[in-house]
Amino acid sequence: MEERAASLVNPASGIANDYLNHFNEVLLLIENLPTLLPEMLDELLEWRPVTYREYFAKSLLPGSARALEIYEGLDEGFRRDFESIIDGVNAMAMASIDVIRAHRGPDGEVDPSRVSDFCENASCAIRSALNRASDLVNNGREKSAETPQGMADRLIPCVA
């Protein structure tokens, strides 16, 4: 179990990357909403923020309890920095959902052309904040040596 928890938690930060999947979900829903309507609208409107503690308290992943223990043992300032970024992502996601909900017609549907630009702008802002959270998870307080875009630019020619 200790080994599984160790692989769940990034040693650079003491935070598990898996938690960010919750936010990647809402990001993908907002980003793709104009092309996925109406199938994903209800799922997006039902999305709710979940704290790190709530996420791992409910998680069935092996090592979740240990991941929580490690999180509780983190430097309070570091944990507060991470949670501040997550609070920003939550605020942007919920505000985006509210705007999209306000664009629902009497039939409960949203005209993709009315939310397309908004979804693009909102997803860019959310992605930027998630990149900051990911950088903190993957690198701790150390400055990232390579940006996500730099890594993509380096790796894409290798698989193309």
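Just so it is clear, the model here is predicted, and its values are computed rather than measured. (Residues numbered from 1 in each chain as written. Predicted model: local features only at pLDDT ≥ 70, side-chain atom pairs only at ≥ 80, totals over all residues. Heavy atoms only, no water.)

**So, the overall build of the chain**
Helix and strand counts for the chain come out as eight helices and two strands. Starting at the N terminus, the α and β elements of the chain follow one another as α-β-β-α-α-α-α-α-α-α. Burial status across the chain gives 36% buried among its 160 residues. Partitioning the intrachain contacts of the chain with sequence separation of at least 6 by distance along the chain shows that 75% fall at a separation of at least 24. If you sum the accessible surface of the chain, you get close to 9300 Å²; carbon and sulfur atoms cover 53% of it. (Helix = DSSP H or I, 4+ residues; strand = E, 2+ residues; numbered from the N terminus. Buried < 20%, exposed > 50% of the residue type's maximum accessible area, 1.4 Å probe, protein only. Contact = heavy atoms within 4.5 Å. Areas by Shrake-Rupley, 256 points an atom, 1.4 Å probe, with all protein chains shown as cover.)

**Some thoughts on helix α5 (residues 64-72)**
Among the residues of α5, those classed as buried are Ser-64, Ala-67, Leu-68 and Tyr-71. End-on view of α5: buried residues confined to an arc of 100 degrees, all on one side of the axis. (Arc of directions from axis to C-beta.)

**Focus on the nonpolar core**
Generally speaking, a soluble globular protein has its nonpolar side chains buried in company with each other. Counting residues in each nonpolar core, the largest one holds 41 residues, and the members touching the most others are Leu-20, Tyr-52 and Phe-82. Broken down by secondary-structure element, the contributors of at least two residues to this core are β2 (15-16), α2 (21-36), α3 (41-46), α4 (52-58), α5, α6 (76-102) and α7 (112-139). With nine residues, α7 is the largest single contributor of residues to this core. Beyond its immediate stretch of four places on either side in the chain, Tyr-52 contacts Gly-14, Ile-15, Ala-16, Tyr-19, Ala-67, Leu-68, Tyr-71 and Phe-82. (Core = buried A, V, L, I, M, F, W, Y, C linked by side-chain atoms within 4.5 Å.)

**Overview of the pattern of salt bridges**
In total, this model carries nine salt bridges according to the counting rule given. Between Arg-127 and Glu-31 there is a salt bridge whose closest N-O contact spans 2.6 Å. Note that Arg-127 is positioned in helix α7 and Glu-31 in helix α2, a separation of 96 residues in sequence. Among the residues examined, Arg-127 registers a relative accessible area of 34% and is labelled partly exposed. (Salt bridge = Lys/Arg side-chain N within 4 Å of Asp/Glu carboxyl O.)

**Considerations on the packing of α2 against α7**
Packing of α2 against α7 leaves a shortest axis separation of 7 Å and a crossing angle of 150 degrees. In terms of their interaxial angle, α2 and α7 are classed as roughly antiparallel. α2 and α7 meet at a crossing whose hand is left-handed. Between α2 and α7, the residues in contact are Phe-23, Asn-24, Leu-27, Ile-30, Glu-31, Leu-33 and Pro-34 and Pro-112, Ser-116, Cys-119, Ala-122, Ser-123, Ile-126, Arg-127 and Leu-130, respectively. Along the lines of polarity and charge, the residues of the contact of α2 with α7 split into ten nonpolar, three polar and two charged. (Axes fitted to C-alpha atoms, helices over the stretch in contact; angles between N-to-C directions. Parallel < 35°, antiparallel > 145°, perpendicular 65-115°, else oblique. Left-handed = near helix turned anticlockwise from the far one by under 90°. Nonpolar A, V, L, I, M, F, W, Y, C, P; charged D, E, K, R; others polar.)

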